[in-house]
Amino acid sequence: MRKLLKKFSNRLVIFGLLLLIQLGWFLIFLTRLASYSTGVSVLFTLLSLAAVLWILNRDENPAYKMSWIILILVFPLLGGFFYLIVGNKQPSKGMRRKLEAEEQRTKGELRQEPEVLEEAGSLDGRVAGQFRYVSEKAGYPVYKNTRASYYPLGEDLFADLLKELEKAEHFIFMEYFIVEDGKMWGSILPILERKAKEGLDVRFMYDDLGSVSLLPTGYDRQLEAKGIRCIAFNPFIPFLSLVMNNRDHRKITVIDGHTAFSGGINLADEYINEKNRFGHWKDTGFRLKGEAVWNYTVMFLQMWNAFRPEDSSYKDFAPFVYHPEPFASDGYVQPYGDSPLDEEIVAENVYLNILNQARDYVYIYTPYLIIDQEMTTALCLAAKRGVDVRIVTPGIPDKKVIFQLTRSYYPPLLKAGVRIYEYSPGFLHAKSYVCDDETAVVGTINMDYRSLYLHFECGTCFYRNELVMDVKRDCLATMEKSREISLKDTRQGVFGNLFCAVLRVFAPLL
């Protein structure tokens with residue numbers, strides 16, 4: 001297995017080198033061609049100008065547009081051409097057509113109960129507005145009759161996940177960004193295989209690029225041979241897949257329609273601290289039991305049926321089908337997905353709404369802090385009006401350049417009064433917000449451009465739920481293990497600041 005992975009990784013390196021050589025040759029060819037002909041040079045200039053005007057006219061994030069415009073101005077010969085190849089952040093037409101068709105076909109599967117919104121509104125009109133926004137714009141209702149359990153570490157979630165998988169009697173749906181052979185996946189796979197042989201409907205989706213160097217080629221077919229129906233999302237095709245922007249970054253398990261797991265935890269050993277990559281791996285997740293699981297079930301089935309149509313209706317997978325008894329209730333729970341298919345940046349808007357409505361505090365976990373001007377303004381404004389805003393990021397990075405880029409966003413936040421901590425024991429991969437002892441969001445959504453604009457993501461908003469205080473306690477305990485950052489810690493010298501400035505310009509493209 002290791003030899004196969006090494007061989008595949010070597011092939012990727014060779015492919016990258018060949019691609020760079022090809023691009024270098026192409027650049028030299030175009031440069032020489034332009035130097036020999038004024039007409040050709042003028043043509044290239046006009047094409048670059050047209051590309052800039054096209055970008056300016058698009059309804060996209062200003063930082064994203066600025067990055068491309070600078071790239072085109074710096075490389076007028078190749079910038080416009082490169083934008084045509086990889087600049088479109090929307091999914092391919094084929095992917096868009098399939099997903100939109102399935103979402104339209106099953107639009108009636110999720111319905112908001114008006115009395116739940118009215119009840120929430122009687123408690124707090126601002127929160128009801130948030131729930132209404134997600135329900136109407138993203139299509140995911142808010143529920144009562146759901147209980148949640150919070151896991152401050154991946155190994156805690158893993159233990160309960162194995163127990164719940166063993167209890168499954170009818171179906172198991174799983175959707176993950178990363179899967180890697182090891183103790184974690186090696187414990188889950190035999191259960192899935194055994195349950196499939198028992199006649200359960202077992203389906204598994206993984207992101208092909210997310211696991212490209214971790215799984216053997218054609219792994220989906222291997223799982224199919226074991227009776228586990230499988231989809232490798234957006235397959236990676238060397239030499240042909242030049243644009244691989246839109247990844248399935250979700251982490252979802254649904255069992256028998258009434259139990260779900262999600263959070264930041266993938267199916268690899270570092271997530272449960274069985275493998276030490278960057279010190280102690282701090283991740284979080286949660287389990288739902290109740291009506292709100294339906295949002296995750298529909299989210300999974302829409303993705304599945306878009307690429308493998310087989311369910312004429314989803315009603316056989318609803319929460320009460322295999323759990324006729326009433327569910328216990330604890331506050332309000334609203335799982336939601338975010339998709340690059342539409343122009344609605346649901347995930348970022350949920351975060352912005354929490355910051356804008358906060359009264360006392362907002363504590364944030366994020367492994368990457370690569371934020372646009374809207375998010376920077378919201379964080380700074382909340383701190384300036386007296387809200388205790390604290391952000392926890394990794395102490396040991398998984399990607400050194402991205403870590404340096406993350407740190408470049410610290411100074412304006414620190415000057416505004418935001419407190420920033422770096423998790424000293426290792427890498428923090430958790431993604432969460434907790435606010436005013438009432439609201440929390442836990443999910444897969446990083447505070448970076450890829451999560452907020454390019455990937456398929458999911459999160460859950462909790463209001464007046466016991467889990468909210470669990471998240472708060474975990475944040476405070478984590479801050480005690482972390483190092484608080486001051487302005488002097490962000491000084492990097494002239495060359496360091498220059499390098500960060502360049503990184504900031506192209507941050508939306510990373």
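Higher on the page you've got the structure.
The rules behind the values
Residues numbered from 1 in each chain as written. Predicted model: local features only at pLDDT ≥ 70, side-chain atom pairs only at ≥ 80, totals over all residues. Heavy atoms only, no water. Axes fitted to C-alpha atoms, helices over the stretch in contact; angles between N-to-C directions. Helix = DSSP H or I, 4+ residues; strand = E, 2+ residues; numbered from the N terminus. Parallel < 35°, antiparallel > 145°, perpendicular 65-115°, else oblique. Contact = heavy atoms within 4.5 Å. 1 Å grid on protein atoms, 1.4 Å probe; cavity = no way out; pocket = protein on both sides within 12 Å on 5 of 7 lines; lining within 4 Å. Points joined across faces, edges and corners; volume = space filled by probe spheres on them. Pairing = 2+ DSSP bridges. Expected span 1.5 Å × (residues − 1). Buried < 20%, exposed > 50% of the residue type's maximum accessible area, 1.4 Å probe, protein only.

Examining the packing of helix α7 (residues 125-138) against helix α12 (residues 346-357)
Between α7 and α12, the shortest axis-to-axis distance is 11 Å and the interhelical angle comes to 170 degrees. Considered as vectors, α7 and α12 are oriented roughly antiparallel to each other. Contacts from Arg126, Val127, Gln130, Tyr133, Val134 and Ala138 of α7 reach α12 at Val346, Asn349, Val350, Asn353, Ile354 and Gln357.

Some points on the layout of surface pockets
Looking at the second largest pocket, its volume works out to about 570 Å³. As for the second largest pocket, its lining consists of 24 residues, and the residues nearest its centre are Glu103, Ala138, Gly139, Tyr140 and Gln302. Mapped onto the lining of the second largest pocket, the elements with two or more residues apiece are α5 (93-105), α7, α11 (293-307) and β9 (332-338).

Section: the sheet that holds strand β15 (residues 439-443)
With respect to topology, eight strands assemble into an open sheet ordered β9-β16-β15-β14-β10-β11-β12-β17, the strand pairing being mixed. Bordering the open sheet on either side are β9 and β17 (483-485), each of which pairs with just one other strand. Recorded for the sheet is a direction-independent mean angle of 20 degrees between the axes of neighbouring strands. Relative to strand β16 (residues 457-463), β9 runs antiparallel, the two being bridged by seven bridges. When the bridges of β16 are listed, Val333 appears paired with Phe462. Along the sheet face, α7 touches β9, β15 and β16 and points at about 40 degrees away from the line of β9.

Observations concerning α11
With 15 residues, α11 should reach 21 Å at 1.5 Å per residue; the first-to-last C-alpha distance of 22 Å fits that figure. In terms of residue burial, α11 counts as a mostly covered element, since 14 of its 15 residues are buried.

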